[in-house]
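Chain by chain, the residues:
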Amino acid sequence: MITPRLRPKITVPRLTRMVWALLLLPLLGCGPSPDASPPRAITFTFDAPSRELIRLLAEKGTSAAYKDFDRNFKGIQVPESLLPYEPFVLGLSTESKIPAVLLLDAPWVQRYGVAGWLFELERTQVFDRSELVPAVAEAFSVSLAHITGWKGKQLVAVPTNIKGNILFYRRDILKRYNLAPPRTWEELRAICRKVLPQEKSLKYGLLIHSTNTLNDFYPILWGFGGRVNNDAGQFVLPQKNNADPFVAALRELIAMQGSIMPGPGALPQFDPGGSLRQAFYQGQTLFMINWSTRLKDLSDLIAKGQGQPPGSLTGVSQVGVVPIPAQAGHPHRYSNIGSFGWAVNRFSVTDPVVIEHAKQFIGVVAGEQFQLLAAETMGQVPALIRALEKVTNKEVLQVYHDTFAQKDMVMRPRPHSRRINNVLEKALDAALFGRQTPEAALAGAIAELKKDQTF
Amino acid sequence: MNTPETFIRYSLRNRLFVLAGATFLLCAVVILLFFPLLNLTLEGLQNRTINSMQEATEVEATTIARLLVLEFSSIKGLLQVTPASNTEMDQWIKNLVWEKVTFNEIIEGVELIQGQQDAQGRRLTYMFYRREAPELEPMAGPQKIMKSFQGMEQDLINSITSQQRVDNAIQGSVNRGPKEEGEMLLRYMPVHVLLADEGAVFWGVAKIGIDTNRMRQLLFLQSQEQTNIRRDIWLEIILSLLISGVLAMSLIYFWVRHITEPLRTLSVVTGALQGAKPEEFDLWLENLKRVDSQGQAEVVIIQQVLERLGTAVPKLGQRLIDGEAQACLGKVIARGLPAFQAWQAQLPGLEQELGDGGATGPSHQTLTLMRARLDTVFDDLSHLWSDPQGEWDRIDVTPGLQRAWRLATLGLPAEVTAQQEFAALPPVWGSAAKLSLAVLYLLTFAVDLLPPAGELGIKAEPSPAGGVRLAVWVSGNPRSPLECQEWLNPFGDPGRIQGSLGPPLAAAIASQHGGSLTVAPREPGGAVFSLELPPLAEEPHEPVI
């Protein structure tokens, strides 16, 4: 009898499986060891308005990101007394990894960005620049060519809103005289010359801040074509093409003093905080240069409005906003940007996890829900285009469309150096209060600043 | 014939030994291949450790430098010092620098370098270094000097003063290059003085030297440890391989011996058949039955088949002998037929002559001779035909030889020359019929080889040992020794089994009688068969089969 052959179709696969099982057996438990270190929450600079908005969004419960905010992100409470000393300059200049994400005023974005302390956001896919209103995105971009070699400006911070100084005007009065809001200083003066004699309730044609006047002066200077610092942060005011516009702009203001603006003697009455918008609310002035958020304040004053003197505003519709005028023939009008933006500390980016966390954080604190809530409750103009499209607050939309969305509007940060600002503020005061001519005031300021070789 | 002992001819046991050894060696080689991998792993570990330690040291250096810079940031007096000043503030700064370096072992030195430089490119610098290295002269104390910086260091300080940013690439280059302050890790950081009304005001650069001896010592220790680990692992693995090799080969040797023993025994027993004599066949069969198969199915099957064959072979042999004897006698009778027919043809004439008269005379003699011849033939045939088994006894082989010679030469052509020579032979112990048959086998085979006018002969004589020596020769074609040998071994090449089994059967009968049969070529042609029978023993014995 012939012995039957083995059946390989059944036997071989079974053997193969056994061999594979034996070969794979030693591999059991040989995979990468689990990461023992817990994921670290990134640190950020704590600020009260953001905190309040996050709390409100967490209460609404629309997104888990806001509910779990404190678990995922650790805020650093900066002592109030330390803020004037600019502690983060010290931290970032010494390559500290903390904080990972920090909220910076627009001038400081420029300062930190040029120094190479901030992480580029667009190329690294942390944030898409095209989601922002172009004018504000430009203000939060710097040239990093000297560090990264990339040409052009790179986005280094994500603004949560659009804030800048603008020109407020009495829309009802200009409408009554069938006048358009001014685009140049000549037009503003002409309107004032026409309206003021006939409107006895108006004490002034234009009010600007009497303290921190420099904030209001910078857009005027830029509208005359002058700069204090160039894009690289270098001090260029002494150059003739900047010094002359500085003098011209100052002369323009001085020329309006007494007739359109308060004279040196009347200026101190506007020193107290809020006095400017109070005067506008009470109908004392036709124009006012102030921060864009003051429309919300005016709206609040109007809403409270009982017991106010005759001539006071009764409705927000009486208020119009436009960009601050420029010199005739200048193509752009400017706003001194007052927005804050979230930036990522370049030294904290030690691995991709940090980038991912930073991206999540920015998505939360500068996201659509966040900016919409800020627009509806605080009157802040969203910096995100898709948030702007969903805003229902009329004042917010009015500010955006009539000022920041204007084609000739340029938002520019003031110089970050407080020494420069302090010296120029003094020069401005000396000229506006008549203690020095504009030329002398400027020469004195330049001489003082030149002593400091860091400029 | 000796053949080279190639692997294919090794026994199963040896092959298993060799294959198991080769398998173990292969495994050992594979294990040894892990050494380069182990070295790579250790190298990688060392590199990662070095990198981690360097990173940790650099982070530590940065942290220490940052702490110092944070402290310097509160010294508002820095903004008042000038190259020419010699105020309490200058002394206070120098003292502070000395304290930081002297009381912190990890800080090798500190320089505070003002951002502004004079017309010669020198910068106001406060500095103090511990300078512990034997080749360095210690500093007398903290100094305030105007210092010029060169090369990469100058570039680094310029970039910090212009951008307040440390270019880490240049800092790395400075650290990799030689340092006049001694071997240390240098950290350069911008120094800002914090003022409430102006914020962080840039003043200059802090250059801080961090001790790296600790890291170097750790790296050295780690390198030594790795060398030790590598050596220990080498030794442990080699030792493990040696022990496992000895253990494995011992166990394999034991197992292989145990497993192959039945097959080896069976092979030895089976192989013994090749050299066994016919009388040893029963013994061989008995040995075959005694092989212990240890329950191995393959061995059991082979053993059973061999036993059956062993039992059948003697019977077949006997049948073969019987058949060959009959065939041989048949051939003899067939060859004698012409002679018988001739005699039969003569008979009528002889009978007529005898009928006509005379019971005597030539015809009567011829008839008598024919009768005698026929009687002889029938007698010879009856002797060889009647008792193939034969009775064993003390016999004289001469009659049997002569009978065989007569039968074999019966009917040979007249041209053939037949020579016979029978000397007086001593008696031998055996079967007369079988020995006669054996000689008949040889003669019949020789007649088949005989050419038409050939020569056939037989010679019987006593052997020098006292036995009987018989030679049968035949002329013919020249034969080779190999060809002659093949006549005795008809089954040597199963493909060429010859027609006649006479010679091997004659050899078997000779062997049965304790004798032997050899065949050799004959000069100038033909062959010679030599059959020797041993002398008669003093004590008669029975045949072995």
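Residues numbered from 1 in each chain as written. Chains lettered and ligands numbered in written order. Predicted model: local features only at pLDDT ≥ 70, side-chain atom pairs only at ≥ 80, totals over all residues. Heavy atoms only, no water.

## Description of the overall build of chain A
- Counting secondary structure elements, chain A contains 20 helices and 15 strands.
- Here the C-alpha radius of gyration of chain A, 29 Å, is well above what a compact globule of 455 residues would show, namely 23 Å.
- Across its three principal axes, chain A shows a C-alpha extent of roughly 130 × 55 × 40 Å.
- With 455 residues in all, chain A has 53% of them scored as buried.
- In chain A, the proportion of contacts linking residues at least 24 apart, taken out of those at least 6 apart, comes to 74%.
- When the accessible surface of chain A is totalled, it reaches about 21,100 Å², and 56% of it is carbon and sulfur.
- Charge-centre separation for chain A: the mean point of 51 positive side chains lies 5 Å from the mean point of 39 negative side chains. (Helix = DSSP H or I, 4+ residues; strand = E, 2+ residues; numbered from the N terminus. Rg over C-alpha atoms; globule rule 2.2 N^0.38 Å. Buried < 20%, exposed > 50% of the residue type's maximum accessible area, 1.4 Å probe, protein only. Contact = heavy atoms within 4.5 Å. Areas by Shrake-Rupley, 256 points an atom, 1.4 Å probe, with all protein chains shown as cover. Lys, Arg positive; Asp, Glu negative; His and termini not counted. Charge placed at Lys NZ, Arg CZ, Asp CG, Glu CD.)

## Some thoughts on a nonpolar patch on the surface
Residue and element names in this part refer to chain B.
- A surface patch of nonpolar side chains, amounting to about 570 Å² of accessible area, comprises Leu26, Val30, Ile31, Phe34, Leu37 and Leu40.
- Counting residues per element, the ones that place at least two in the nonpolar patch are α1 (12-32) and α2 (34-72).
- Among the structural elements, leucine 37 can be located in helix α2. (Patch = residues over 30% accessible without salt bridge, like charges linked within 9 Å, V, L, I, M, F, W, Y side chains within 5 Å. Salt bridge = Lys/Arg side-chain N within 4 Å of Asp/Glu carboxyl O.)

## Comments concerning the interface of chain B and chain A
- In this complex, chain B contributes 24 residues to the contact, which on the side of chain A involves 20 residues.
- For the pair chain B and chain A, the summed buried area comes to about 2,100 Å², and 52% of that belongs to carbon and sulfur atoms.
- For the pair chain B and chain A, the interface holds one salt bridge.
- Between A:Arg419 and B:Glu198 there is a salt bridge, with its nearest N and O atoms 2.5 Å apart.
- Counting every contact that joins chain B to chain A gives nine residue pairs in polar contact (both at pLDDT 80 or more).
- Taken together, the elements giving at least two residues each to the side of chain B that touches chain A come down to α2, β1 (107-117), β4 (185-195) and β5 (199-210) of chain B.
- Among the elements that line the side of chain B that touches chain A, the one with the most residues is β4(B), at five residues.
- In terms of residue class, the side of chain B that touches chain A is made up of eleven nonpolar, nine polar and four charged. (Buried area = accessible area lost by both parts, 1.4 Å probe. Polar contact = N/O pair within 3.5 Å; in protein donor to acceptor, adjacent residues only side chain to side chain. Nonpolar A, V, L, I, M, F, W, Y, C, P; charged D, E, K, R; others polar.)

## Notes on the sheet that holds strand β10 (residues 285-291) of chain A
Residue and element names in this part refer to chain A.
- Read from one edge of the open sheet, four strands run β9-β10-β8-β11, paired in mixed fashion. Both edges of this open sheet fall to β9 (204-207) and β11 (319-322), since each of them pairs with a single strand only. Each strand of the sheet is rotated relative to its neighbour by a mean of 20°, with strand direction disregarded.
- Across the sheet, helix α10 (residues 185-195) is in contact with β8 (165-170), β9 and β10; its angle to β10 comes to roughly 145°.
- Helix α18 (residues 394-404) rests against β8 and β11 of the sheet, and its axis sits at about 40° to β11. (Pairing = 2+ DSSP bridges. Axes fitted to C-alpha atoms, helices over the stretch in contact; angles between N-to-C directions.)

## Regarding the packing of helix α6 (residues 213-272) of chain B against helix α7 (residues 281-290) of chain B
Residue and element names in this part refer to chain B.
- It is at 10 Å that the axes of α6 and α7 come closest, and there the two elements cross at 170°. Considering their axes alone, α6 and α7 lie roughly antiparallel with respect to each other. Along its contact with α6, which presents Leu266, Val269, Thr270 and Ala272, the element α7 presents Trp284, Asn287 and Leu288.
- Taken together, the residues that form the contact of α6 with α7 break down as five nonpolar, two polar and no charged. (Parallel < 35°, antiparallel > 145°, perpendicular 65-115°, else oblique.)

## Here's the deal with the domain arrangement of chain A
All names here are of chain A.
- Along its sequence, chain A is carved into domain 1 (42-77 + 84-162 + 337-412) and domain 2 (165-336 + 417-450).
- Each of domain 1 and domain 2 has a C-alpha centre, and the two are 28 Å apart.
- Taken together, the two surfaces of domain 1 and domain 2 that pack against each other cover about 2,100 Å², and 53% of this comes from carbon and sulfur.
- At the boundary of domain 1 and domain 2, one finds five salt bridges.
- Residues aspartate 231 and lysine 153 are paired through a salt bridge, measuring 4.0 Å at the closest nitrogen-oxygen approach.
- Scanning the region where domain 1 abuts domain 2 turns up nine residue pairs in polar contact (both at pLDDT 80 or more).
- Every element with two or more residues in the side of domain 1 that touches domain 2 is listed here: α16 (368-378), α18 and β15 (409-412). (Domains from an automatic or database assignment.)

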